[in-house]
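Fold and geometry: a report
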Amino acid sequence: MITGHIDHQGTYMPFLERDVWQRILTWLKEEGPSKEDGEYEIDGRNIFVSVSTYDTQPRNERAFEAHREYLDIHYCFEGGEMIEWVPVQTLTTPTTELDKEKDIQKFKAPEKATSILMTPGTFTVVLPEDAHMPKIQDGVNSFTKKAVVKVHMDLVR
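What counts as what
Throughout, a residue's number is its position along its own chain's written sequence, starting from 1. pLDDT decides what is reported in this predicted model: residues at 70 or higher carry local features, side-chain atom pairs at 80 or more are listed and counted, and totals for whole chains, interfaces and linings draw on all residues regardless. Derived side-chain values reflect all non-hydrogen atoms in the structure, with water molecules and hydrogen atoms excluded from consideration. Ring geometry is summarised as follows: Phe, Tyr and Trp rings, the Trp one being its six-membered ring, pair when their centres sit within 6.5 Å, and such pairs are stacked at plane angles under 30 degrees, edge-to-face over 60 and tilted between the two. What counts as a helix is a DSSP run of H or I of at least four residues, what counts as a strand is a run of E of at least two, and both are numbered from the N terminus. In this scheme, a residue with accessible area under 20% of its type's maximum is buried, one over 50% is exposed, and one in between is partly exposed, where area comes from a 1.4 Å probe on protein chains only. Residues belong to a common nonpolar core when they are buried Ala, Val, Leu, Ile, Met, Phe, Trp, Tyr or Cys residues joined through side-chain atoms within 4.5 Å. Here a residue-residue contact requires only that any non-hydrogen atoms of the pair lie within 4.5 Å. Salt bridge, as applied in this entry: a Lys or Arg side-chain nitrogen positioned within 4 Å of an Asp or Glu carboxyl oxygen. By definition, two strands form a pair when at least two bridges between them are found by DSSP. Every angle, taken between N-to-C directions, lies between 0 and 180 degrees, and every axis is a line fitted to C-alpha atoms, over only the stretch in contact when it is a helix.

Regarding the packing of aromatic side chains
Applying the stated rule across the entire model yields 3 aromatic pairs. Between Phe-48 and Tyr-70, the ring centres sit 5.6 Å apart and the planes meet at 75 degrees, which makes this aromatic pair edge-to-face. Taken together, the positions of Phe-48 in strand β3 (residues 47-55) and Tyr-70 in strand β5 (residues 70-79) put the pair 22 residues apart, joining distant regions of the chain. With respect to class, Phe-48 is no different from Tyr-70; both count as buried. Ring centres of Tyr-75 and Phe-77 lie 5.1 Å apart, and the angle between their planes is 75 degrees; this geometry places the pair in the edge-to-face category. Across the pair, exposure class does not vary: Tyr-75 and Phe-77 are buried alike.

Right, here's the structure in full:
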């Protein structure tokens, strides 16, 4: 997992040397804020983005999720939320089978996890080794407008 702010690219620049990262950051800064809710392709099914606006929920109404073929980049445009994180191997109670078509499996939330506050301009990169639980109320904002960029792992290996 990597987390940061889009305006502090110097901090994580070595990670961004691949063209794929610059394309994503450019889309998030220049195109993303004006997009309506929906799905947008940056590079076909290799890189695509889901923009959504929603009400956040109490932690006990959410579930952890993990992916195998794609990494996620969660990016907050407006509002805010909490995302919780744990290493996927620590989750022992799946609540769904792996959906290979959607590349998602859900798990029961553990009692404790690392919390990440998402505010406008912040991002979190979630790798296949990372389980995460987004859309959690942050105690301040009641809604979030965000993008989740899906990047096929073949592009970053």
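After presenting the structure, the write-up continues.
Remarks on the nonpolar core
If you look at the biggest cluster of nonpolar residues, it comprises 21 residues, and the most contacted ones within it are Ile-24, Leu-28, Leu-71, Ile-73, Val-149 and Val-151. Contributions of two or more residues to this core are made by α1 (19-31), β3, β5, β9 (122-126) and β11 (143-152). For this core, the leading source of residues is α1, giving 6 residues. Those residues in contact with Val-149, other than ones at most four positions away along the chain, are Ile-24, Leu-28, Ile-47, Phe-48, Val-49, Leu-71, Asp-72 and Ile-73. If you look at the next biggest cluster of nonpolar residues, it comprises 9 residues, including Phe-64, Met-82, Met-133 and Ile-136.

Re unusual backbone geometry
With a phi close to 55 degrees, Asp-103 is a non-glycine residue in the positive phi region. Assignment of secondary structure puts Asp-103 in the loop between β6 (81-87) and β7 (105-107). The exposure class assigned to Asp-103 is buried, which follows from its relative accessible area of 4%. Residue Lys-135 is not a glycine yet carries a positive backbone phi of 70 degrees.

Thoughts on the pattern of salt bridges
Close approach of charged atoms lets side chains of opposite charge pair. This structure, assessed with the given rule, holds 8 salt bridges. For Asp-7, the salt bridge identified is with Lys-29, shortest N-O distance 3.7 Å. With Asp-7 in the loop between β1 (2-5) and α1 and Lys-29 in helix α1, the pair connects residues that are 22 residues apart, well separated along the chain. For Lys-29, a relative accessible area of 43% puts it in the partly exposed group. Because the salt bridges share partners, they merge into one network encompassing Asp-19, Arg-23 and Asp-43.

Let's talk about the sheet that holds β11
Across the sheet, which stays open at both edges, the 6 strands sit in the order β1-β9-β5-β11-β3-β2 with antiparallel pairing between neighbours. Each edge of the open sheet is held by one strand with a lone partner, namely β1 and β2 (38-43). Going across the sheet, the axis of each strand differs from the next one's by a mean of 20 degrees, ignoring polarity. Relative to β11, β5 runs antiparallel, the two being bridged by 9 bridges. By the bridge assignment for β11, Gly-79 is matched with Thr-144.

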